[in-house]
Amino acid sequence: MTLGLGELGRTWRTVRHLQARQLAAQLVHRARGPARRPRQRTADGLEGLAAHARGWPAPIADGELTADGVAMLSRPVHDPRAGGWEPSGRDALWTYTLHYHGWIGAIQAGAIQAGATQPSAASKHAPASAPLGSALALARHWIDAHPRGVGWEPYPCSMRALQWLHLLDRVGALGADHARDLALLRSLAAQLLHLERNLEHHLGGNHLWTNLAALASASLALDGPLADRLRARWLPAFARVADQQLRGGMHGERTPSYHCLLAHQLGGVLWLARRRPGVARSLTRALTRQLTAMLDALPSFCHPDGDVALWGDSQRGARARPETLVIGTSSDPRDSFEFELSRARVAALQGAARRHDAPLAGCYRRRWGGWTALLNSGALGLPHQVGHIHGDALSLELSLGRERVLVDAGVGTYTRGEARDYARATRAHNTVTVGPGDGDQHELWASHRIGARARLGEFTADELRLRGAVLGAFASAWHHRELRWDATRAELRVRDWLEPRASAPPATVRYHLPGELELQPRPHGWRARTTSGREFTITSDPPLRRERARVPGWLGFNRPAPRWCLLGPLPPGGLEVVFRELHGRDKPVS
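All values reported here derive from a predicted model rather than from experimental measurement. (Residues numbered from 1 in each chain as written. Predicted model: local features only at pLDDT ≥ 70, side-chain atom pairs only at ≥ 80, totals over all residues. Heavy atoms only, no water.)

If you tally the helices and strands in the protein chain, you get 14 helices and 28 strands. Within the protein chain, the fraction of its 590 residues that count as buried is 59%. Taking as baseline every contact in the protein chain between residues at least 6 positions apart, the subset at least 24 positions apart corresponds to 67%. Carbon together with sulfur atoms contributes 50% to the accessible area of the protein chain, which is approximately 24,200 Å² in total. (Helix = DSSP H or I, 4+ residues; strand = E, 2+ residues; numbered from the N terminus. Buried < 20%, exposed > 50% of the residue type's maximum accessible area, 1.4 Å probe, protein only. Contact = heavy atoms within 4.5 Å. Areas by Shrake-Rupley, 256 points an atom, 1.4 Å probe, with all protein chains shown as cover.)

Here it is, written out as structure tokens:
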């Protein structure tokens, strides 16, 4: 395939940010293709789950096992035994998720021992706690029916290894006769060997983190010579990578949902490391420090409802989210699990604190009156891995009480196309597009690529004010934004302007509100009413107009949630938009 000059330039602007090792790994990966053909399907070296690993907190569930098959990603149930492990017509994320075996994480020990099932409020199809026998049979079917293919790629291998450790624990709960499932152990050994030969250095970021978390967890949870060798090499490697990828406590890809998932993985490694005899205290201290930093960063991008802002490829209601990052405790206070949210952290998540900032991560939170404002500085975090970054610099999300009233687009798919392009675009976020045709802040292309990047100006933050600036990759003027709390009038004021003003290009301000909010026009703006009945106004001069139809938005993959969009041109002198909650006599009579 021949690339034109424009495509060559875009490619160069993309790859120039890669690390040397990453670039070399990319070339090898492209020459060899995905690592889907293991050298061996089974291997020796694992003797079973170690005694100290019993009761290991379950990994994040990703789907549910029903009587008819597997339900995941809000798609119809699929039975791999009848429809295969690589059915045609499915997108890459769905196929990957099928091979994660994430339904194992939903199995509860109490239900297993009784062979019982319990209804799941989250599922329309079947119970979340499927009988252990069904999960074990499906894992064995995978061993027999999938000797090569997508399921052997490193990331599915990593996610599945974590799930199989939980499955071995649940098998052990049934008694000694079932504690060593030889087929499962020998397949898992081969998968771990395949994984360590094919670490995803070509991607880095959350993929490499998860690869190493799987190797570290398996090495700590299992007994045998293979586990001993893996533990000596990959446990310290995981601690180093975790340290290198954190930015002010937040994972460097700056995507809140992934931050929560990786914190969960780190917590699992720490739980095992504290119980494994012979693990150096210096290493457990390093892991504790890293996890504490990740937990402390949560409120900076968390709404009072306990879930994350929709920055980057984040979604609401994910299995790993701030309010669910509680796995368990030990009866020994000296061995308490750092993953347990303290009362102070719970209060911070619910918005009790007036401010919570993670400056190195570029996330800022303020509680002003009944409002909770979350502002994203737009930092790129890991310049060599920006696949989950959107054009959302200086984007604002806003809650009134525990209800969200300003929301970004979220993410509904990773498949390249119109929906993916829109979700990443600057116009899908509560910020300003600068330039003709709604220019994006970054040069976004494919489904996860970024070429030229925006530049950020100095960011200042105090109790009553947040202020920052961004210059789009191809913009001719800086966008400046200031959030200010007017305590006298109990108003949140958001002011946007461009510099230099003399030659400022056309620009558009946008605010997106949940589609279920009621909006009514009023002088200089709009009156909005939440589902619980709280009311507020959005005013400016000139007033913003509303798009006639709702615009796209998503709660998560395959979960559409359209938004109202209020927008208007940014005047040469700038625009101030005022948010004010209505109380008592302030409310108009219906």
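So, on to the packing of aromatic side chains. If you walk through the whole model with that rule in mind, you get 13 aromatic pairs. Between Trp-371 and Phe-536 the ring centres are 5.5 Å apart and the planes differ by 85°, which places this aromatic pair in the edge-to-face class. In this pair, Trp-371 is assigned in strand S9 (residues 371–376) and Phe-536 in strand S23 (residues 535–539), connecting sequence segments 165 residues apart. By the burial criterion, Trp-371 is buried, and Phe-536 matches it. A connected cluster of aromatic rings, assembled from ring pairs, spans Trp-371, Tyr-511, Phe-536 and Phe-579. (Phe/Tyr/Trp six-rings, centres within 6.5 Å; stacked < 30°, edge-to-face > 60°.)

What follows concerns the packing of helix H9 (residues 205–221) against helix H10 (residues 225–245). The contact between H9 and H10 brings their axes to 8 Å, and the two run at 145°. The handedness of the crossing between H9 and H10 is left-handed. Mapping the contact onto sequence places Gly-205, Asn-206, Leu-208, Trp-209, Leu-212, Ala-213, Leu-215, Ala-216, Ala-218, Ser-219 and Leu-220 in H9 and Ala-227, Leu-230, Arg-231, Trp-234, Leu-235, Ala-237, Phe-238, Val-241, Ala-242 and Gln-245 in H10. Looking at the contact of H9 with H10 residue by residue, the classes come out as 16 nonpolar, four polar and one charged. (Axes fitted to C-alpha atoms, helices over the stretch in contact; angles between N-to-C directions. Left-handed = near helix turned anticlockwise from the far one by under 90°. Nonpolar A, V, L, I, M, F, W, Y, C, P; charged D, E, K, R; others polar.)

With that out of the way, let us pick up the sheet that holds strand S11 (residues 403–406). Pairing in this open sheet of five strands is antiparallel, and the strands run S7-S8-S9-S10-S11 from one edge to the other. For this open sheet the edge positions go to strand S7 (355–358) and S11, each flanked by a neighbour on one side alone. Taking each pair of neighbouring strands and ignoring which way they run, the sheet shows an average axis angle of 20°. (Pairing = 2+ DSSP bridges.)

So, on to helix H4 (residues 92–100). In terms of burial, H4 is largely enclosed, as eight of its nine residues are buried. Taken together, the buried positions of H4 are occupied by Leu-93, Trp-94, Thr-95, Tyr-96, Thr-97, Leu-98, His-99 and Tyr-100. Lining the buried residues of H4 we find helix H3 (80–83), helix H6 (132–145) and helix H7 (154–172). In the stretch just after H4, His-101 is the one whose phi turns positive, near 55°.

Moving on, we come to the sheet that holds strand S27 (residues 563–569). Reading across the sheet, the four strands line up as S12-S20-S27-S24 and stay open at both edges, with antiparallel pairing between neighbours. Looking at which strands have only one partner, the edges of the open sheet turn out to be strand S12 (432–434) and strand S24 (545–546). Both S12 and strand S20 (residues 507–514) contribute to a ladder of three bridges, which runs antiparallel. Across the sheet, the residue bridging to Val-432 is Val-509, located in S20.

With that settled, the discussion passes to unusual backbone geometry. The residue after Glu-499, namely Pro-500, is reached through a cis peptide bond having omega 0°. If you trace the backbone, Pro-500 turns up in the loop between strand S19 (491–499) and S20. Cis rather than trans, the peptide bond between Asp-541 and Pro-542 has omega equal to 5°. For Pro-542, the location among the structural elements is in the loop between S23 and S24. Look at Leu-73: it is not a glycine, yet its phi comes out positive at around 55°. Within the secondary structure, Leu-73 is located in the loop between strand S3 (69–71) and H3. Note on Leu-73: relative accessible area 17%, which makes it buried. A positive phi angle is found at His-524, which is not glycine, with a value near 70°.

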